[in-house]
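A look at the structure
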Number of protein chains: 2
Amino acid sequence: MAHADEPPAEVRLPATAWAVLGILAFGEELTGYEVRQWAEHILRFFYWSPAMSQIYSELKRLEQVGYAASREVSGEDGRPRRVYAITDAGRAAASDWLAHAPVEPPALKHGPLLRVWLGHLADPDRLREVVTQHRDRSADLAAEADEARRAAAAVSGWAYPELVARWAVRYHTAERDLAARLLDDLDELVASGRAPDL
Amino acid sequence: MAHADEPPAEVRLPATAWAVLGILAFGEELTGYEVRQWAEHILRFFYWSPAMSQIYSELKRLEQVGYAASREVSGEDGRPRRVYAITDAGRAAASDWLAHAPVEPPALKHGPLLRVWLGHLADPDRLREVVTQHRDRSADLAAEADEARRAAAAVSGWAYPELVARWAVRYHTAERDLAARLLDDLDELVASGRAPDL
DNA sequence: CCAGGTGTATTCCAATTTGGAACAAGTGCC
DNA sequence: GGCACTTGTTCCAAATTGGAATACACCTGG
C-alpha cells in the first residue's frame, strides 16, 4: 500500500500542458495571450499551435497542480491582466518529464498528401495545384523559421531554441523539395498514361 | 430562400471522415476492422491512425449521409460482420471534396523536437537518447514505407498510393537525416560549452 | 468627438477526437 | 481444456479543437 509521504504521484499531463509549461520555463511572467504569441512564434514550426481556449485552460490546470502561479497585475493601460510564472515545482516536474516520460512519436496529418493518395478521384491539374501550394507554403515556412532562428541566435541562453529553429529550417526546406519531387512524379505518371481515371 | 431541389447542401465532414471514405473508395467492401488495417498499412506514413472507435463512428455517419452503404454478411467462420461500401453519392462527394475543399496545411506534433526545445531543462545525454531514438525510428519507418511502396507497385490502379508511398520513403529518410544532423549540432553545442545549464 | 478597425485579454460552448476498456466469438498451440 | 491471439464491435469519459462572444483600450479618419 502506498504511504502518504511518497512524492506526490506525478500528475499525468498531456503533451500540450508541457509545451505551455515549457514556454513559461523560459522564465518570463506571461499572460495567456502572450503564451499564445510565443507559441505562434516558435512552436508552430514543429508543434501545432494550440487554441487560445486550450492555453487558458492549461494555465489554469498548471496552477491547480502547483506548477505555475499567477497574479493579477495592471498593465500600462490600467487594465487588469493575469500573468503566470512557472514555480519551482513546475520546473522540477518539467525536468522530470523530460528525463522520464516516454517520447511520443511525431504525429503528422498531411492534408496535401491525403489528397494525392486519393488522386484517382481527382483531376490531375487539381492535384498539381494542391502540391504546388504545399511546396510554396513550405518554402515560406522555411524562410520564417530562418527568421526565428536568427532571432533566437541573438538571445543568450536560447541555444536550444536556436538548434530547433535550425532543424525547422531544414525540415521545411526538405518538405519543399519533397513536394517538388512529388510534382515531378505526378507529371511523369500523367505523361505515362498510367494514371487511374476518375 | 433556398429551394428544395438544389443539390443537398454539402455535408461538412472532418478530414478523418474523408480519409475513411477514401479507403472505401478503393472499391472493396470492408468491415470497420479492415478499414483500420488499411489505415495502419498505408495511411499511417502521412496521416495519423484514427482510433477504432472513431472509424466505426465515421462509418456510421457516412452511411447516415448516404456516402456509404452497409450490409450484414456472415464470414467464413459464420460470425456476422457488417461490411461497408462506398456509394455513387459517396464517390461524387469525395471527388467534390478533392476538387473544392480548402487544403489544410500539414499538422505536425513533434514530440522529440519539443524535448530538444526545452533542452535547458534536461541532461544532454538524455537529449541525445531522445534524438537517437527518433532517428532510428525514422529509419525503420522509411524501410516500412518502402515495403508499402513495393506492395502498392504490385497492384494495378494503385499508381497514386505508390506515389505517396515513394514520398513517404523520402520523408522518413529525410527525418532520419535531419535527426542525425541535429545530433551533431547537439554534440557541438555541448562541446562548445554554450549549452545552458539545467 | 464619434465610428470603426485593430490589438490585447479572457471566457464559453458545442463538436471532434482520443484512448481505453469491455465484450464476444473464433483459431491455433501446448 | 486452457491460454493467448486475432477478428469484430461498442461504449464512455476525457482531451482537444475551433469558433464565436465579450471586453476594453488605442488609433485613425471624417
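Keep in mind that what you see is a predicted model, and the values were worked out from it rather than measured.

1. Regarding the overall build of chain A
- Of the regular secondary structure elements, chain A holds 7 helices and 3 strands.
- The order of helices and strands in chain A, counted from the N terminus, is α-α-α-β-β-α-β-α-α-α.
- Computed over the C-alpha atoms, the radius of gyration of chain A is 22 Å, more than 25% above the 16 Å expected from 2.2 N^0.38 for a compact globule of 198 residues.
- The principal-axis extents of the C-alpha atoms in chain A amount to approximately 70 × 50 × 30 Å.
- Split into buried and exposed, the 198 residues of chain A put 47% on the buried side.
- Surface accessibility of chain A: about 9800 Å² in total, with carbon and sulfur atoms responsible for 50%.

2. Re the interface of chain B and chain A
- Of the residues lining the interface, 69 residues belong to chain B; the matching set on chain A comes to 69 residues.
- Across the chain B/chain A interface, buried area totals approximately 7000 Å², and carbon plus sulfur atoms make up 70% of it.
- For the interface between chain B and chain A, the tally reads 6 salt bridges.
- The residue D185 of chain B makes a salt bridge to R166 of chain A at a minimum N-O spacing of 3.4 Å.
- In terms of residue class, the side of chain B that touches chain A is made up of 47 nonpolar, 10 polar and 12 charged.
- Taken together, the 3 bridges between strand β3 (residues 107-109) of chain A and strand β3 (residues 107-109) of chain B define a ladder with antiparallel strand orientation. Of the residues in β3 of chain B, the one forming a bridge with A107 of chain A is K109 of chain B.

3. Section: the relation of the copies chain B and chain A
- Of the transformation placing chain B onto chain A, the axial shift is 0.0 Å and the rotation is 180°, giving an RMSD of 0.1 Å. The relationship between the two copies is best expressed as a two-fold rotation axis. Measuring from the rotation axis to each C-alpha of chain B, the shortest distance belongs to L108 of chain B, at 2.4 Å.
- Interface overlap between copies is the fraction of interface residues in one copy that are interface residues in the other; for chain B against chain A it reaches 100%, indicating a shared surface.

4. Thoughts on the environment of G111 of chain A
- Here G111 of chain A shows up in helix α5 (residues 111-117).
- For the pair G111 of chain A and H134 of chain A, spaced 23 residues apart in sequence, the C-alpha separation works out to 9.4 Å.

5. Topic: the protein's contact with DNA strand D
- In the neighbourhood of DNA strand D, 22 residues make up the surrounding shell, with P14, Q54 and R79 of chain A together with R81 and R82 of chain B lying closest.
- Sugar plus phosphate, as a fraction of atoms of DNA strand D within 4 Å of the protein: 66%.
- R79 of chain A is positioned such that a nitrogen or oxygen atom in its side chain is 2.8 Å from a base oxygen of DNA strand D.
- Between DNA strand D and the protein, one listed contact pairs a phosphate oxygen with a backbone N or O atom of G32 of chain B at 3.3 Å.

6. Concerning the nonpolar core
- Membership of the largest hydrophobic core comes to 123 residues, with the highest contact counts inside it found for F46 and W117 of chain A together with L43, F46 and W117 of chain B.
- If we skip the residues at most four places from it in the chain, W117 of chain B touches A19, G22, I23, F26, I42, L43, F46, Y160, P161 and V164 of chain A.

7. A closer look at the protein's contact with DNA strand C
- Close contacts around DNA strand C come from 24 residues, with S53, R81 and R82 of chain A together with S53 and Q54 of chain B the closest.
- At 3.3 Å, a side-chain N or O of Q37 of chain A approaches a phosphate oxygen of DNA strand C.
- Looking at the surface near DNA strand C, the elements with two or more residues in it are α2 (32-41), α3 (52-64) and β2 (80-86) of chain A together with α3 (52-64) of chain B.
- Split by residue class, the surface near DNA strand C holds 7 nonpolar, 7 polar and 10 charged.

8. As for the side chain of H110 of chain B
- Here H110 of chain B lies in the loop between β3 and α5 (111-117).
- In this structure H110 of chain B comes out as buried when scored by relative accessible area, which is 0%.
- Among the polar contacts listed, one links the side chain of H110 of chain B to the side chain of E175 of chain B, at a separation of 2.9 Å.
- Aside from chain neighbours lying at most four places away, what touches H110 of chain B is F46, Y47, P106 and W167 of chain A together with H134 and E175 of chain B.

9. Structural notes on the domain arrangement of chain A
Residues and elements named next belong to chain A.
- Per the domain assignment, the segments making up chain A are domain 1 (15-100) and domain 2 (111-192).
- Computed from C-alpha coordinates alone, the two centres of domain 1 and domain 2 are separated by 29 Å.
- Summed over both partners, the interface of domain 1 with domain 2 comes to about 700 Å²; 79% of that surface belongs to carbon and sulfur atoms.
- Put simply, domain 1 and domain 2 have 1 salt bridge between them.
- R44 is paired through a salt bridge with E144; the nearest N and O atoms lie 2.9 Å apart.
- Applying the counting rule to domain 1 against domain 2 returns 2 residue pairs in polar contact (both at pLDDT 80 or more).
- Along the lines of polarity and charge, the residues of the side of domain 1 that touches domain 2 split into 5 nonpolar, 1 polar and 1 charged.

10. Quick look at helix α4 (residues 88-100) of chain A
- Taking 1.5 Å per residue as the helical rise, α4 of chain A with its 13 residues ought to reach 18 Å, and the 18 Å between its terminal C-alpha atoms agrees with that figure.
- Turning to α4 of chain A, its buried residues are G90, A93, A94, W97 and L98 of chain A. For α4 of chain A, the angular spread of the buried residues around the axis is 135°, confining them to a single face. In α4 of chain A, those exposed residues whose orientation departs by more than 90 degrees from the buried face are D88 and H100 of chain A.
- On its buried side, α4 of chain A packs onto α1 (15-24) and β2 of chain A together with α5 and α6 (124-153) of chain B.

What counts, and at which threshold
- Residues numbered from 1 in each chain as written.
- Chains lettered and ligands numbered in written order.
- Predicted model: local features only at pLDDT ≥ 70, side-chain atom pairs only at ≥ 80, totals over all residues.
- Heavy atoms only, no water.
- Helix = DSSP H or I, 4+ residues; strand = E, 2+ residues; numbered from the N terminus.
- Rg over C-alpha atoms; globule rule 2.2 N^0.38 Å.
- Buried < 20%, exposed > 50% of the residue type's maximum accessible area, 1.4 Å probe, protein only.
- Areas by Shrake-Rupley, 256 points an atom, 1.4 Å probe, with all protein chains shown as cover.
- Contact = heavy atoms within 4.5 Å.
- Buried area = accessible area lost by both parts, 1.4 Å probe.
- Salt bridge = Lys/Arg side-chain N within 4 Å of Asp/Glu carboxyl O.
- Nonpolar A, V, L, I, M, F, W, Y, C, P; charged D, E, K, R; others polar.
- Pairing = 2+ DSSP bridges.
- Least-squares fit on C-alpha atoms with pLDDT ≥ 70 in both.
- Near = heavy atom within 4 Å.
- Polar contact = N/O pair within 3.5 Å; in protein donor to acceptor, adjacent residues only side chain to side chain.
- Core = buried A, V, L, I, M, F, W, Y, C linked by side-chain atoms within 4.5 Å.
- Domains from an automatic or database assignment.
- Expected span 1.5 Å × (residues − 1).
- Arc of directions from axis to C-beta.

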